[in-house]
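Here is how the chains run, residue by residue.
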Amino acid sequence: MKKIIALLLVFTLVLSVSLTAFASFPDLQESSWDWARDEIDEMTSTGIIAGYTDGRFGPADGVTKLQSLLLMARILGYNNDEMKNIISLADDMYGDRVSIYNVSNPSEVAYLMYFGIISEDELGDYLSNANEVLKRYEAAILLTKVAGAEAEVKANGGATLRYADTPQIPSNARKYVKYVNDKGYMVGMTDTTFEPDTLVSRAQMAVMLYRIIKDLDITYVSGNFVSVSGSSLTLAQGDDQNIFNVPTYKARIMSDGKETKMESLPLNGFTVVTKFGDTVRFVDAVSPKIEETVTGTVTSLAAGTKNKITLKPFGKDETQSITLDSAVVITYLGKKASFSSITKGDTVTIDVEDGLGKTVVIANRSEVISGAKFVSVSYEPYTTITFT
């Protein structure tokens, strides 16, 4: 579980990856930057944001539309190791659509499309004009979406703003401006004006990022999907299990890039739970990559650090031994079972990934029949043995 503050980001194209403390930025020493210096100080001192290679921070320089998208992607965990499978899925789903714009960092844009931050219809506005500097009202829209509040904002009534220049804010953006203003992510340029068309500077963006990161308090937990009971979701992490209460009215649940219900998540699928504070907001699952599926009769079992099943696959003469993953999911009649539940003679189906058994489904159980008289055996359409 990692906080996003520990993972965020480096300005692509405009920020160096080297760490430079704010005191060494000659263009931040004037008192005119007092309003942003503390936020920039915290972000640079932790290695989150750095300055140009020539030693400047460039606080007044603009943030382009493309750069703003990269930052929003990283707020939502693009740089988090636990999101790598989701990133790959997003690239597969949206990479081709983004590639036609021939921009740097297309993967981050695809990632935002996966999370619904930007739609295919909006790609042209952002990427055809990728080097245009973001306007303040546009920043309000992006921040609202990243905070997961767009549906709430759209459902609210008209937006009442205290700014004298409210008529200059595009009508479709006023609710977003009100939201970020109420949350404190953005404030007016003066006490009476918002200045919606003013271009966003690097110093302003640094402050916005600092505020939204602190407020959202995003954490990530990954594991393999095990089961659902009511609103509770269980993930396995090695020998440990984590149980989450998922508010289905608020959380977005995805399986292989499609919205679904929790009970339809893929068994043993890699799953990431994203929490804003204490509340689950996203559940993203990817089906396991099955290299081989083996069905047969269990001939022996070996318990140990990693349990092993030896079975005789149907249609084959030789037995096959499969070592089980420590996070293996075992089920019988649709319910969770354990390794000790498996007995010699059981028919099982094992999904193998990376050389390890990831799931075991006990299909039926062997039974000993005593005191019965054999009557007949037939082989069509399937083998049937009759006793009396």
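Our subject is the structure that appears above.
Below, the structure is looked at part by part.

Analysis parameters
- Residues numbered from 1 in each chain as written.
- Predicted model: local features only at pLDDT ≥ 70, side-chain atom pairs only at ≥ 80, totals over all residues.
- Heavy atoms only, no water.
- Core = buried A, V, L, I, M, F, W, Y, C linked by side-chain atoms within 4.5 Å.
- Buried < 20%, exposed > 50% of the residue type's maximum accessible area, 1.4 Å probe, protein only.
- Contact = heavy atoms within 4.5 Å.
- Helix = DSSP H or I, 4+ residues; strand = E, 2+ residues; numbered from the N terminus.
- Phe/Tyr/Trp six-rings, centres within 6.5 Å; stacked < 30°, edge-to-face > 60°.
- Axes fitted to C-alpha atoms, helices over the stretch in contact; angles between N-to-C directions.
- Parallel < 35°, antiparallel > 145°, perpendicular 65-115°, else oblique.
- Left-handed = near helix turned anticlockwise from the far one by under 90°.
- Nonpolar A, V, L, I, M, F, W, Y, C, P; charged D, E, K, R; others polar.
- Pairing = 2+ DSSP bridges.
- Salt bridge = Lys/Arg side-chain N within 4 Å of Asp/Glu carboxyl O.

1. Let's talk about the nonpolar core
Counting residues in each nonpolar core, the largest one holds 67 residues, and the members touching the most others are M72, Y111, L127 and I212. Residues contacting M72, with those up to four places away along its chain left out, are L112, L142, L143, V146, M205 and L209.

2. Side note on the environment of A90
Within the element layout of this structure, A90 appears in helix α3 (residues 84-99). For the pair formed by A90 and Y114, sequence separation is 24 residues and the distance between their alpha carbons is 5.6 Å. Not counting chain neighbours up to four residues away, the residues in contact with A90 comprise G95, A110, Y111 and Y114.

3. Remarks on the packing of aromatic side chains
Under the counting rule described, the total for this entry stands at 9 aromatic pairs. Relative to F194, the ring of Y163 has its centre 5.7 Å away and its plane inclined at 50°; by these criteria the two rings are tilted. Here F194 lies in the loop between α8 (174-183) and α9 (202-216) and Y163 lies in the loop between α7 (150-155) and α8, a separation of 31 residues in the sequence. The exposure class assigned to Y163 is buried, which follows from its relative accessible area of 4%. Taking the centre distance of 6.0 Å and the plane angle of 70° together, the rings of F276 and F282 count as edge-to-face. Residue class for F282 comes out buried when judged on its relative accessible area of 11%. Ring pairing ties together the aromatic residues Y78, Y111, Y114, F115, F276 and F282, which thus form one cluster.

4. Structural notes on the packing of helix α2 (residues 65-75) against helix α6 (residues 136-146)
Where α2 contacts α6, the two axes come as close as 10 Å, and the packing angle between them is 20°. Between α2 and α6, the angle falls in the class roughly parallel. Note on packing geometry: the crossing formed by α2 with α6 is right-handed. Contacts between α2 and α6 involve K65, S68, L69, M72 and I75 from the first element and E138, L142, L143 and V146 from the second. In terms of residue class, the contact of α2 with α6 is built from 6 nonpolar, 1 polar and 2 charged.

5. What to know about the pairing of strand β8 (residues 279-286)
Buried residues dominate β8, accounting for 7 of its 8 residues. The pairing of strand β5 (residues 252-255) with β8 spans 4 bridges and is parallel. Of the residues in β8, the one forming a bridge with S255 is A285. Relative to β8, strand β7 (residues 270-276) runs antiparallel, the two being bridged by 7 bridges. Its bridge partner lying in β8, T274 is registered against F282. The loop that links β7 with its antiparallel partner β8 comprises 2 residues; one of these, G277, has a positive phi angle of about 65°.

6. Overview of the pattern of salt bridges
Inspection of the entire model under this criterion finds 13 salt bridges. Two residues, K65 and E138, come together in a salt bridge whose shortest N-O distance is 3.6 Å. One end of the pair, K65, is in helix α2; the other, E138, is in helix α6, and 73 residues separate them in sequence. Side by side, K65 and E138 carry an identical accessibility label, which is buried. Here K154 and E150 are joined by a salt bridge, their closest N and O atoms 3.7 Å apart. In this pair, K154 and E150 both sit in helix α7, 4 residues apart, roughly one turn of the helix. According to the relative accessible area criterion, K154 is exposed, its value standing at 54%. In this structure E150 comes out as buried when scored by relative accessible area, which is 18%.

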